[in-house]
Amino acid sequence: QVQLVESGGGLVQTGGSLRLSCAASGRTVSGYNVGWFRQPPGREREFVAALSPNGIVTEYAEDVKGRFSISRVNAKNTVYLQMNGLKPDDTAVYYCATQIVGATRLSRKLNEYVYWGQGTQVTVSS
């Protein structure tokens, strides 16, 4: 019912910035909690950030707090992840996702998200 497409990944130097976009289609995601996850090489997918429907309440993984910022423009049915001060450890495939419908609390757990994009590669060189 919801399709998500990530874009904006690429190759950047340490200390650089990228803005990832997640465009939703099929139906509006304005009523969903949304999140970003990433999967580094050789590791399991991990939580990065989450955002409430009104774009105000946020959650961040401790290692990205202060560097990454999640936002959304519901009129465009799009979610963003602004990444500043990038480090080689940020290298991963980044995925956006929507939480289970009706969820009232932001979640850091993979199994509480139901719609996923295909991911976009972010590579940070040293």
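This text goes with the structure placed above it.
Now for a description of the structure that goes with this document. (Residues numbered from 1 in each chain as written. Predicted model: local features only at pLDDT ≥ 70, side-chain atom pairs only at ≥ 80, totals over all residues. Heavy atoms only, no water.)

This part is about the state of the cysteines. Tallied over the full model, the rule gives 1 disulfide. Covalently, C22 is tied to C96 through a disulfide, its sulfur atoms 1.9 Å apart. Here the S-S torsion is close to 60°, and the disulfide linking C22 with C96 is therefore right-handed. One end of the pair, C22, is in strand β3 (residues 18-25); the other, C96, is in strand β9 (residues 92-99), and 74 residues separate them in sequence. (Disulfide = S-S within 2.5 Å. Helix = DSSP H or I, 4+ residues; strand = E, 2+ residues; numbered from the N terminus.)

Another point: the pairing of strand β11 (residues 120-125). By the alternation rule, side chains of β11 split into T120, V122 and V124, which are all buried, and Q121, T123 and S125, of which none is buried. Direction of pairing for strand β2 (residues 10-13) relative to β11: parallel, over a ladder of 4 bridges. Residue pairing across strands places G10 opposite V122, the latter belonging to β11. Sheet topology places β9 next to β11; 3 bridges connect them, and they run antiparallel. Residue pairing for β11: V93 is matched across the bridge by Q121. (Buried < 20%, exposed > 50% of the residue type's maximum accessible area, 1.4 Å probe, protein only. Pairing = 2+ DSSP bridges.)

Next up on the list: the pattern of salt bridges. In the structure shown here, the tally under the stated rule is 6 salt bridges. When the shortest N-O distance is used, the salt bridge between E46 and R38 registers 2.9 Å. Each member of the pair, E46 as well as R38, is classed as buried. Across the pair R38 and D90 runs a salt bridge, and its minimum N-O distance is 2.9 Å. You can see R38 sitting in strand β4 (residues 34-39) and its partner D90 sitting in the loop between β8 (78-83) and β9, a full 52 residues away along the chain. Judged by relative accessible area, D90 falls into the buried class, the value being 1%. If you follow the salt bridges from partner to partner, you end up with R38, R43, E46, D63, R67 and D90 in one network. (Salt bridge = Lys/Arg side-chain N within 4 Å of Asp/Glu carboxyl O.)

Grouped together as the largest cluster of nonpolar side chains are 35 residues, with contacts concentrated most on W36, V48, F68, I70, L81, M83 and Y94. Mapped onto this core, the elements with two or more residues apiece are β3, β4, β5 (46-51), β7 (68-73), β8, β9, β10 (113-116) and β11. If one sorts the elements of this core by residue count, β5 sits on top with 5 residues. Beyond its immediate chain neighbours, meaning those up to four positions away, L81 contacts L18, R19, L20, W36, V48, A49, F68, S69, I70 and Y94. (Core = buried A, V, L, I, M, F, W, Y, C linked by side-chain atoms within 4.5 Å. Contact = heavy atoms within 4.5 Å.)

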